[in-house]
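Secondary and tertiary structure notes
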Amino acid sequence: MDINNASERDLQERIRAGDEGAFDSVFRAHYPHLVRMAESVVRERALAEEIAQEVMLELWRRRESLKVEQTFRAYLIRSTRNRALNQIRHQRIVEREAAAAAVDPPSSPSAEEEILGVELERAVRDAIDSLPDKCREVFHLSREQGLRYVEIASALEISVKTVEKRMGQALAELRERLAPWLPRRAGETGRKTPV
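What comes next concerns the included structure. As a convention, each chain's residues are numbered from 1 in the sequence order in which they are written. Residue-level local features of this predicted model are given only where pLDDT is at least 70; pairs of side-chain atoms are given and counted only at 80 or more, and the full residue set underlies all totals for whole chains, interfaces and linings. Think of the side-chain values as coming from all heavy atoms in the structure, minus any hydrogens and water.

Quick look at the overall build of the chain
A count of helical and extended segments in the chain gives 8 helices and 0 strands. Starting at the N terminus, the α and β elements of the chain follow one another as α-α-α-α-α-α-α-α. Looking at the chain as a whole, 31% of its 195 residues qualify as buried. In the chain, the proportion of contacts linking residues at least 24 apart, taken out of those at least 6 apart, comes to 63%. With an accessible surface of roughly 12600 Å², the chain has 50% of that area assigned to carbon and sulfur atoms. Only DSSP runs of H or I covering at least 4 residues are called helices, and only runs of E covering at least 2 are called strands; the numbering of each starts at the N terminus. Classification of residues uses two cut-offs on accessible area relative to the type maximum, computed with a 1.4 Å probe and protein chains only: under 20% is buried, over 50% is exposed, and between them is partly exposed. Between two residues, a contact is recorded if the distance between any of their heavy atoms is within 4.5 Å. Throughout, the Shrake-Rupley method with a 1.4 Å probe supplies accessible areas, and for residues the shown protein chains are the sole cover considered.

Below, the structure is given as structure tokens:
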């Protein structure tokens, strides 16, 4: 079912008023595409269906305050992508924590190591925050959420080449900003490690 702009506004008003028929129209029109979108990120059909259902359920729950600035399709795709990426991130964090706990029992760092660690962490966070928005988004999905370039390209609806270009730019800027923290290579002079 194709929903044009005039009927989109009408559907939005009807859904806000609690019209289940209008919600059903939006659900039928967009649900299959949302499942495909989620599946391209999470790589699991059942989980993708669950994510798409959660997005549609959230649309119905929040219907009274519903404000779709663009089309339902764009709104629902963005919501689905975000929820799918959050799911991947959560799974990877759980896996990393389980692996780390199994391999390396926690040890107490010295006071100096702890201070340096906090300063380095702050410097890294500031450097990442200062990246251009599009580069930061790609860096975040790759390094913090662990997605492969092809998954990032699919999630952001851009080419893999664009992902590579943005990632290269992000890494170059981070290397430059974090140069004082990086170990010196043979032949380099003038850099000091912060104390």
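Describing the environment of Arg175
Here Arg175 is to be found in helix α8 (residues 160-177). Judged by relative accessible area, which is 48%, Arg175 ranks as partly exposed. Sequence-wise, Arg175 and Ala127 are 48 residues apart; in three dimensions their C-alpha atoms are separated by 9.2 Å.

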